[in-house]
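Okay, here's what each chain looks like letter by letter:
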Amino acid sequence: MKKLLLVGLLTLAMAIAAFADIPNRDKTAVQEAITPHGGGGATGACSIIYYNLCSGWLWVWSGWAMGDQAGVVFDLPADCDKLAGETCANTGFWWYWRYTTPGWGYTVHYDVYNMDANFCKIGASLGTSASQDPVERWNYTPALGGTITSDLAAIVATWDKGGLPYAGTDNNFKNAAAPGLCPGYAPGPIRSFIWDAQFGDVPCPQYYFGDGAGPVQILMDAGFFCQPGTATESGSWTGVKSLFR
């Protein structure tokens, strides 16, 4: 079983100039000890984390409107050992929310998408989990379903009502200011995006999450499972590959 906890600079370079940092989005620094969510992926799967909470500080982001979307784009070849010709599936994920109000209608729904190299959605949602009413902090959602055929895949939350809940990310400023807790810290690549409802249902994100020191990452741990997309892969190569997963 693979457990990939990727919290620093990753090998894939992203075109930062392609998107702007989020404008007019309020964020507040919060310090707290975040209890582990307690789960990885299924046997033979990967569990991908891009955030770094080494300082114990996070940003909580407000100002959400109905129809706004936020999500993480995952690089499956780099971070889940996806091979050419393989397909993948989401096996579930944990998402960290703050300022939730269960029972008051401030719900979100989740989708998984194929994505292209420019972080644009390819086609319609592959799987949906509707009308989720988050509780405070970690929330688990089972597999979204659908078959991921692209190398990049996104898990996206859409605000059904707007306002609440608040999204959480790691905090570059606090991580860099705590050398005893974060030795050698540097911001990671662009992985977490927002699609703003005021621009309509466009397939590409307008903004990435950042705090001025660089990109920050939504607090999410997502599981995926990849396997050959056709029956043409030899059994011997499949067996050898599985030894290194």
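Residues numbered from 1 in each chain as written. Predicted model: local features only at pLDDT ≥ 70, side-chain atom pairs only at ≥ 80, totals over all residues. Heavy atoms only, no water.

Regarding the overall build of the protein chain
For clarity, the threshold we go by: Each helix is a run of DSSP H or I of at least 4 residues and each strand a run of E of at least 2, with the numbering of both proceeding from the N terminus. Residue burial is assigned from relative accessible area. The probe radius is 1.4 Å, only protein chains are included, and a residue is buried under 20% of its type maximum, exposed over 50%, and partly exposed in between. Accessible surface is estimated by sampling points in the Shrake-Rupley manner with a 1.4 Å probe; for residues, cover comes only from the protein chains shown.
The number of helices and strands found in the protein chain is three helices and 17 strands. Every one of the 245 residues in the protein chain was classed for burial, and the buried ones make up 50%. For the protein chain, the accessible area works out to roughly 10,600 Å², and carbon and sulfur atoms hold 59% of it.

As for the side chain of lysine 82
Going by this rule: By the convention used here, residues are in contact when the closest approach between their heavy atoms is within 4.5 Å.
As for its placement among the helices and strands, lysine 82 is situated in the loop between helix H1 (76-80) and strand E8 (86-98). The residues contacting lysine 82, other than those within four sequence positions of it, are Leu76, Pro77, Cys88, Thr149, Ser150, Asp151 and Cys226.

Quick notes on empty space enclosed by the protein
The condition is simple: Here a cavity is any set of points on a 1 Å grid over the protein atoms alone where a 1.4 Å probe fits but cannot get out, and a pocket is any open set with protein on both sides within 12 Å along at least 5 of 7 lines; a residue lines the site when it has an atom within 4 Å of a point. Grid points are joined across faces, edges and corners, and a volume is the space filled by probe spheres set on the points. Think of it as three bins: nonpolar holds Ala, Val, Leu, Ile, Met, Phe, Trp, Tyr, Cys and Pro, charged holds Asp, Glu, Lys and Arg, and polar takes everything else, Gly as well.
Tallying each qualifying case throughout the model produces one cavity of 30 Å³ or more. The wall of the largest cavity is formed by ten residues, among which Tyr50, Asp170, Tyr185, Gly188 and Gln217 lie closest to the centre. Of the residues that constitute the lining of the largest cavity, the class distribution is five nonpolar, four polar and one charged.

Focus on the nonpolar core
As a reminder, the rule being used: Nine residue types can take part in a nonpolar core, namely buried Ala, Val, Leu, Ile, Met, Phe, Trp, Tyr and Cys, and a core is a set of them joined through side-chain atoms within 4.5 Å.
Residues Phe74, Leu76, Trp95, Ile155, Met220 and Phe224 are the most contacted members of the largest nonpolar core, which totals 34 residues. Only strand E4 (46-49), strand E5 (57-61), strand E7 (69-75), H1, E8, strand E9 (108-115), strand E12 (152-159) and strand E17 (220-228) provide two or more residues apiece to this core. Not counting residues within four places of it along the chain, the set of residues in contact with tryptophan 95 comprises Ala70, Gly71, Tyr110, Arg137, Trp138, Asn139, Ile155, Val156, Ala157, Ile218, Leu219 and Met220. With eleven residues, the next largest nonpolar core counts Val73, Met115, Phe119 and Val156 among its residues.

Quick look at the state of the cysteines
Here is the rule: By convention in this document, the label disulfide applies to cysteine sulfur atom pairs within 2.5 Å.
Summed over all chains, the structure comprises three disulfides. A disulfide bridge connects cysteine 46 with cysteine 80, and the sulfur atoms are separated by 2.0 Å. On the sign convention where negative is left-handed, the bridge of cysteine 46 and cysteine 80, at about -100° about the S-S bond, is left-handed. Taken together, the residues cysteine 46 in strand E4 and cysteine 80 in helix H1 connect sequence positions 34 residues apart. Each of the two residues, cysteine 46 as well as cysteine 80, counts as buried. Two residues share a disulfide in this structure: cysteine 54 and cysteine 182, whose sulfurs sit 1.9 Å from each other. Taking the torsion about the sulfur-sulfur bond, which here is approximately 110°, the covalent link between cysteine 54 and cysteine 182 counts as right-handed. Taken together, the residues span a long stretch of sequence, with cysteine 54 in the loop between E4 and E5 and cysteine 182 in the loop between helix H2 (172-176) and strand E15 (192-195) at a distance of 128 residues.

A look at the packing of aromatic side chains
The line we're drawing: Geometry of aromatic contacts follows a simple scheme: Phe, Tyr and Trp rings, the Trp one being its six-membered ring, pair when their centres are within 6.5 Å, and the pair is stacked under 30 degrees between planes, edge-to-face over 60, tilted otherwise.
In total, this model carries 17 aromatic pairs according to the counting rule given. Ring plane angle 90° and centroid distance 5.1 Å describe the contact between tryptophan 61 and phenylalanine 209, whose orientation is recorded as edge-to-face. With tryptophan 61 in strand E5 and phenylalanine 209 in the loop between strand E16 (207-208) and E17, this residue pair connects regions lying 148 residues apart in the sequence. By relative accessible area, tryptophan 61 is classed as buried at 1%.

Some words on the environment of leucine 219
Structurally, the position occupied by leucine 219 is in the loop between E16 and E17. Remark: the alpha-carbon pair of leucine 219 and serine 192, spanning 27 residues in sequence, is separated by 9.5 Å. Excluding residues that lie within four positions of it along the chain, leucine 219 makes contacts with Ile34, Tyr51, Leu53, Leu58, Trp94, Trp95, Tyr96, Trp138, Gly168, Thr169 and Asp170.

Here's the deal with the side chain of threonine 158
Here is the rule: For this analysis, a polar contact is any N or O atom pair within 3.5 Å, provided that within protein one partner can donate a hydrogen and the other can accept it, and provided that sequence-adjacent residues contribute only side-chain to side-chain pairs.
You can see threonine 158 is positioned in strand E12. For threonine 158, a relative accessible area of 6% translates into the label buried. Engagement of the side chain of threonine 158 in a polar contact is seen with the side chain of glutamine 69, the distance being 3.0 Å.

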